[in-house]
Amino acid sequence: MQAFTQHTGIVAPLDRPNVDTDAIIPKQYLKSIHRTGFGSNAFDDWRYLTPGEPGMDHAKRAKNPEFVLNQAPFDRASILLARENFGCGSSREHAVWALDQFGFRAVIAPSFADIFFNNSFKSGMLPIVLSAEIVDKIFKAIEVSPGLELTIDLEHKTIRGLGDEVIEFNVDDFRRYCLLNGLDDIGLTLRHADEIKAYEARRKVDAPWLF
Amino acid sequence: MTARTLYDKLWDAHVIRSEDDGTALLYIDRQLVHEVTSPQAFEGLRMANRQPWRREAMLAVPDHNVPTLGSRADGIEGIADLVSREQVSTLDNNCAEFKIVEFKMNDIRQGIVHVIGPEEGFTLPGMTIVCGDSHTSTHGAFGALAFGIGTSEVEHVMASQSLMQKKAKNMLVRVNGHVGAGVTAKDIVLAIIGKIGTAGGTGYTIEFAGEAIEDLSVEGRMTVCNMAIEGGARAGIIAVDEKTIEYVKGRPFAPKGEMFDKAAAAWLDLHSDAGAHFDCVVELSAAEIAPQVSWGTSPEMVVPVAAKVPNPETEGDAVKANGMRKALAYMGLEAGQAIDSIAIDKVFIGSCTNSRIEDMRAAAAVIKGRKKADSVMLAMVVPGSGLVKQQAEAEGLDKVFLEAGFEWREPGCSMCLAMNADRLEPGERCASTSNRNFEGRQGQGGRTHLVSPAMAAAAAIAGHFVDVRNF
Ligand code: SF4
């Protein structure tokens, strides 16, 4: 997993609540058996004017000029800003892969759907929960100066770049530790293999029908 | 001992170890696997040279990509779309290589992953159950802690039979009293989502309780828990009672004989203790719930069938009003339009929400002796599994559907998400028994209205939404 320590980038405003994972990566691309190749299809239905299918040359499809990620400077954004309940719906981790492969390192929203939130960390992408007021403030700041860059510092749990303000955010210590160090969860867990086995041994006695 | 909720009990029983910040390593009893979210997980195992920790804790089935037309006897050769075929054959190959039990496409037991788990007794009370699919919440109907996970977590469970998790908060949704005739589990859960909103359950595990939930059959409870995720909750659960135990008894993977009796005795403790603390309690009156129809592009955009399409201009919250305007534009609807004036083009009866035998019976009961409206170009019924299909045919339900002009298909996810050939064309409007009405969910530009099987069947006959209670 790629580590996340500090990141500075342009913020793209996606002014919608309830952005669902079907919208982030439509189902036809989930037929892939690979983990890469989703970047050009992030927000496919919103981004292109014509329907997309796997295997097409997406560079040749007509883009929707109204969609924020097709507009400069947001086409170079690496931080996504959205409204509440971002990433709701299907559990597809492909949504995180698509955002990551588009070039996003972080998503900021007032709230996230739980599964998406969990999935983000697995690709080293940071979901940041900020209050609806602060999120609104960033939306307004981008209106005034499109191309606004923010600097996210995971070590210190701060965001800078919104005037002189230092915005603080929260992230679980364990997740922060894994992300800062780019640690692979499975490797970490298997260090506790003996405890897992001991648990199984106990359960076989208490609830043998589970085995 | 302090009073605990059902969720507390399930959680406590599965914690292997905890970190200082409360992150726990949770033991996972069962993992269901399907073709869409597993290939990268198997690939991960292969790359790290790992083997599944407990292969008998897994059950795999292809469901999302399988066609619903043609004969299943052809196996994967019957999948015309080569990309889909590759995904299903990848599952076949992975299961063969890692020695995981799979119900292949031509197995009579094949079906939607959330239908077959309970049908086979692979889902049991008191378990932790995961699947790379958000509707894993369905299995919570058995007093099990069941939730969807991403592909990295699928790999994690395969490799270690455990997951790193933070405990969610406890929410109780109590549906008091009894629903009227013609009001189903689907209407109950849609009404709940309409009340709490699609993010209302975020960060919570929802326990559904109250007389109206107790009244439901186990299949109805699955419909309710299935859509917990649409209310934002990763898991929905319902206490075990005699109905649960009766349902599980005798199923192929369920314990037998003395072991069953022992298990059943333990399962009866799977309920929240009196006085247990919930962080949030929501109450609904069952008698006030009418058949529901969603009008927008989020499951919370739902109203009773007798209502009108709501007006964004009277919504106080600016962000919400904006979302409503976008939804109306996408759905091609006007504020103030009567729901029962909305004409439909297609009908889909199926999905892990509503494709079990009772759903088939409910739909068939409405259409018996009637004919689909000519204006409805397609009404399709897709049973949840090969065994549901077989049972329905034994009861003659297929004939009822066919005589009414409906299509009777092979099992799978089908037009719930349109990953196979079944889909809406741009602008087409569908009465659907599935769970999501997101933009493009049933096909790009397609317009989905979520309803119960009886309501979908009635709409197919009338050509527009109608209150099934007066139909
Ligand atoms: S029926 Fe629909 S919601 Fe259920 S598992 Fe299949 S695609 Fe997902």
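You'll find the structure just up there.
Residues numbered from 1 in each chain as written. Chains lettered and ligands numbered in written order. Predicted model: local features only at pLDDT ≥ 70, side-chain atom pairs only at ≥ 80, totals over all residues. Heavy atoms only, no water.

Enquirer: Which parts of the structure should I look at to understand the site of the ligand?
Expert: Residue and element names in this part refer to chain B. Surrounding the ligand, one finds His 64, Ile 112, His 114, Asp 133, His 135, Ser 351, Cys 352, Cys 413, Cys 416, Leu 417, Asn 435 and Arg 441. The site holding the ligand turns out to be the largest cavity. Of the residues belonging to the shell around the ligand, the class tally is 5 nonpolar, 5 polar and 2 charged. (Near = heavy atom within 4 Å. 1 Å grid on protein atoms, 1.4 Å probe; cavity = no way out; pocket = protein on both sides within 12 Å on 5 of 7 lines; lining within 4 Å. Sits in = over half its atoms within 2 Å of the grid points. Nonpolar A, V, L, I, M, F, W, Y, C, P; charged D, E, K, R; others polar.)

Enquirer: Honestly, the sheet that holds strand S9 (residues 169-176) of chain B in this entry has me stumped. Any pointers?
Expert: Hydrogen bonds between backbone atoms are what pair the strands of a sheet, whose relative direction is either parallel or antiparallel. Residue and element names in this part refer to chain B. Spatially, 4 strands are ordered S11-S10-S9-S12 in an open sheet, and the strand pairing comes out parallel. Taken across any chain shown, the strands that pair with only one partner, and hence form the sheet edges, are strand S11 (235-237) and strand S12 (280-285). Ignoring strand direction, the axes of neighbouring strands in this sheet form an average angle of 20°. Of the strand pairs in this sheet, S9 and S12 are connected by 6 bridges, and their pairing is parallel. Note on S12: the bridge partner recorded for Val 175 is Leu 284. (Pairing = 2+ DSSP bridges. Helix = DSSP H or I, 4+ residues; strand = E, 2+ residues; numbered from the N terminus. Axes fitted to C-alpha atoms, helices over the stretch in contact; angles between N-to-C directions.)

Enquirer: Looking at this model, I keep getting lost on the interface of chain B and chain A. Mind explaining?
Expert: Note: interface size is frequently given as the accessible area lost on complex formation between the parts. Taken together, the 77 residues of chain B in the interface contact 56 residues of chain A. Buried surface at the junction of chain B and chain A, summed over both partners, amounts to about 5,500 Å²; 56% is from carbon and sulfur atoms. Counting every contact that joins chain B to chain A gives 7 salt bridges. Counting across the interface, chain B meets chain A through 35 residue pairs in polar contact (both at pLDDT 80 or more). Here the side of chain B that touches chain A gets 7 residues from one element, more than from any other, and that element is helix H5 (residues 151-160) of chain B. Classifying every residue of the side of chain B that touches chain A by side-chain character gives 27 nonpolar, 29 polar and 21 charged. (Contact = heavy atoms within 4.5 Å. Buried area = accessible area lost by both parts, 1.4 Å probe. Salt bridge = Lys/Arg side-chain N within 4 Å of Asp/Glu carboxyl O. Polar contact = N/O pair within 3.5 Å; in protein donor to acceptor, adjacent residues only side chain to side chain.)

Enquirer: Sorry if this is basic, but what is going on with the pattern of salt bridges here?
Expert: Tallied over the entire structure, the rule returns 40 salt bridges over all chains. Here Arg 61 of chain A makes a salt bridge to Asp 44 of chain A, at a shortest N to O gap of 2.9 Å. Of this pair, Arg 61 of chain A sits in the loop between helix H2 (44-47) and strand S2 (79-82) while Asp 44 of chain A sits in helix H2; the two residues are 17 residues apart in sequence, bridging distant segments of the chain. Across this residue pair, the class does not change: Arg 61 of chain A and Asp 44 of chain A are buried. Asp 8 of chain B is paired through a salt bridge with Lys 167 of chain B; the nearest N and O atoms lie 2.6 Å apart. With a gap of 159 residues between them, Asp 8 of chain B in helix H1 (residues 6-14) and Lys 167 of chain B in the loop between strand S8 (162-165) and S9 connect regions that are remote in the sequence. When salt bridges with common partners are traced through the structure, they connect Asp 15, Arg 83, Asp 136 and Lys 140 of chain A into a single cluster. (Buried < 20%, exposed > 50% of the residue type's maximum accessible area, 1.4 Å probe, protein only.)

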